[in-house]
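# Tertiary structure, described
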Amino acid sequence: MSELDADLRTDANWGTPASYIPELARVDPAQFAITVVTADGKIHSAGDSDTRFSVQSVTKVFTLAIALGRSGDQLWQRVSREPSGLAFNSIVQLEHEGGRPRNPFINAGAIVTTDEILSGRAPRDALAEIVQFIRTAAGSDDIHINEAVAASETAHGHRNFALAHFLASFDNLKNAPEMTLGTYFHHCALEMTTTQLAMAGRFLMDAATGPRLLSTARVRRLNALMLTCGHYDGSGDFAYRVGIPGKSGVGGGILAIVPGTAAIAVWSPGLNRYGNSLKGTEALATLARKMNWSIF
Ligand code: DON
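This one's a predicted model, so the numbers in the text were calculated from it and none came from an experiment.

About the thresholds
- Residues numbered from 1 in each chain as written.
- Predicted model: local features only at pLDDT ≥ 70, side-chain atom pairs only at ≥ 80, totals over all residues.
- Buried ≥ 20, exposed ≤ 12 C-beta atoms within 10 Å, placed from the backbone.
- Helix = DSSP H or I, 4+ residues; strand = E, 2+ residues; numbered from the N terminus.
- Pairing = 2+ DSSP bridges.
- Near = placed C-beta within 6 Å.
- Nonpolar A, V, L, I, M, F, W, Y, C, P; charged D, E, K, R; others polar.
- Axes fitted to C-alpha atoms, helices over the stretch in contact; angles between N-to-C directions.
- Parallel < 35°, antiparallel > 145°, perpendicular 65-115°, else oblique.
- Left-handed = near helix turned anticlockwise from the far one by under 90°.
- Contact = placed C-beta atoms within 7 Å.
- Expected span 1.5 Å × (residues − 1).
- Core = buried A, V, L, I, M, F, W, Y, C linked by C-beta atoms within 7 Å.
- Domains from an automatic or database assignment.
- UniProt positions renumbered as here; feature names shortened; annotations may be inferred.

## Focus on the pairing of strand β7 (residues 253-258)
Put simply, side chains in a regular strand alternate between the two faces of the sheet. With six of six residues buried, β7 is to be regarded as a mostly interior element. Judged by which residues are buried, β7 turns out to be covered on both faces: Gly253, Leu255 and Ile257 on one side and Ile254, Ala256 and Val258 on the other are all buried. Examined bridge by bridge, strand β6 (residues 246-248) and β7 share three bridges and lie antiparallel to one another. Within the sheet, the bridge partner assigned to Ser248 lies in β7 and is Ile254. Relative to strand β8 (residues 262-267), β7 runs antiparallel, the two being bridged by six bridges. Each bridged residue has a counterpart across the sheet, and for Ile257 the counterpart in β8 is Ala263. Here β7 folds back onto β8 in antiparallel fashion, the turn holding three residues, of which Gly260 has a positive phi close to 75 degrees.

Rendered as structure tokens:
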């Protein structure tokens, strides 16, 4: 792991942090961290694994788990389970497909799952449930929302407002758009270290470590969606290069799962052209090759 960290740092191409959320654009791209938690509960870290970063879309794995727990398979009436082949914030398919987003990981789909969790409550109550779920999964109470990041995204969130209103026009939003989006922006603004994120991902490896938060059947399905949709229009490339389920965020984090074997969190804020961590993906590709962790 420290060899992997050192190797990655020798190449000066760190990619570019997300620019459409000004608070994220300020982050120094030359940072990298990795944590692996194995099925026996052992934790292995290298790099900046105590630095907190903006988890962003990685939270969509946890909100999907919560929404499925609350609503069961009824959720799939509101959102499909197919890769979109388009950018995470694209709107075009919604118009042709009756306002039913392609999957729960693109922004439109994650707004629907957040809306399902909110279900008429005050946003702070839904957020308390989401934060508590993630803290329980991670086994740490020291996980918090960065209000400046949430405010920054709200101020520049024209795309997400457009998506939410478009969903509402198809009757696929149960709450007022600003309530659902307030909840969505805040859960995206959660901050974690790679250690906390890998620990929070333990339930997805379905092994005897960490809390059991979902049935085995649901864990398998979540992993299937992470593999097919977790990297948006870069999902095929990620499956080809890394070969395990993974979920990325524009903060540069990726949570990847080797079923039955390991939960891995990587972070490097510079992104590739799909909006996924450049060095994080490279690190996962190297690790999966060295450990023979591809599921294929
Ligand atoms: O809604 C957004 O655009 C962000 N809060 C999250 C997007 C994201 O992380 C996409 N992942 N690579």
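## Some thoughts on the site of the ligand
Near the ligand there are 13 residues, and of these Gln56, Ser57, Cys188, Gly249 and Val250 occur at the shortest range. Each residue belonging to the shell around the ligand can be placed in one class, and the counts come to three nonpolar, nine polar and one charged.

## A word on the sheet that holds strand β4 (residues 144-145)
Reading across from one edge, β3-β5-β4 is the order of the three strands in this open sheet, with antiparallel pairing throughout. Whereas interior strands pair on both sides, the edge strands pair on one side only; in this sheet they are β3 (53-54) and β4. With two bridges connecting them, β4 and strand β5 (residues 190-192) associate as antiparallel partners. Across the sheet, His144 pairs through a bridge with Glu191, a residue of β5.

## Overview of the packing of helix α8 (residues 158-169) against helix α9 (residues 177-188)
Remark: α8 packs on α9, axes separated minimally by 10 Å, with the N-to-C direction vectors making an angle of 135 degrees. Viewed along their axes, α8 and α9 adopt a mutual orientation that is oblique. Considering only the axes of α8 and α9, their crossing is right-handed. Along the contact surface, α8 presents Asn160, Phe161, Ala164, His165 and Ala168, while α9 presents Pro177, Thr180 and Leu181.

## Thoughts on helix α5 (residues 107-118)
An ideal rise of 1.5 Å per residue puts 16 Å on 12 residues; α5 measures up with 16 Å between its terminal C-alpha atoms. Of all 12 residues in α5, 12 are buried, a share of seventy percent or more. Looking at α5, one finds that the buried residues are Asn107, Ala108, Gly109, Ala110, Ile111, Val112, Thr113, Thr114, Asp115, Glu116, Ile117 and Leu118. Residues of α5 that are buried make contact with α3 (59-71), α4 (92-96), α6 (123-138), α8 and α9. Positive phi shows up at Ser119, right after α5, with a value of about 30 degrees.

## Considerations on the nonpolar core
Ile134, Ile264, Val266 and Leu284 are the most contacted members of the largest nonpolar core, which totals 89 residues. When residues are assigned to domains, this core turns out to be shared by domain 1 (2-56 + 191-291) and domain 2 (59-189), each giving three or more. When near neighbours in sequence (up to four residues on either side) are disregarded, Ile134 contacts Phe62, Ile143, Leu190 and Ala200.

## Let's talk about the environment of Gly182
Tracing the sequence through the fold places Gly182 in helix α9. Looking at Gly182, the number of C-beta atoms within 10 Å reads 20, which means it is buried. Taking the C-alpha atoms as reference points, Gly182 and Pro123, separated by 59 residues in sequence, lie 6.9 Å from one another.

## Points about the sheet that holds β6
Read from one edge of the open sheet, five strands run β2-β1-β8-β7-β6, paired in antiparallel fashion. Only two strands of the sheet have a single neighbouring strand rather than two, namely β2 (43-47) and β6. Across the sheet, the mean angle from the axis of one strand to that of its neighbour is 10 degrees, orientation sign disregarded. As judged from the six bridges shared by strand β1 (residues 33-38) and β8, these two strands associate in the antiparallel manner. In the sheet register, Ile34 faces β8, and the bridge partner there is Val266. Relative to β8, helix α13 (residues 278-291) is tilted by about 145 degrees, and along the sheet it contacts β1, β6, β7 and β8.

## Regarding the domain arrangement of the protein
According to the domain assignment, the protein consists of domain 1 (2-56 + 191-291) and domain 2 (59-189). Taking only C-alpha atoms into account, the centre of domain 1 sits 20 Å from that of domain 2. If you look at the interface, domain 1 gives 31 residues, while domain 2 gives 33 residues. Those elements that place two or more of their residues in the side of domain 1 that touches domain 2 are α2 (22-25), β5, α10 (194-200) and α11 (216-229). The biggest single contributor to the side of domain 1 that touches domain 2 is α11, with six residues.

## Details of the UniProt feature "binding site: substrate" (unreviewed entry) in the protein
Per the UniProt record, the feature "binding site: substrate" (unreviewed entry) sits at Ser57, Asn107, Glu153, Asn160, Tyr184, Tyr232 and Val250. Along the chain, Ser57 turns up in the loop between β3 and α3. Setting aside chain neighbours within four positions, we find Ser57 in contact with Phe88, Phe105, Cys188, Lys247, Ser248, Gly249 and Val250. Along the polypeptide, Asn107 turns up in helix α5.

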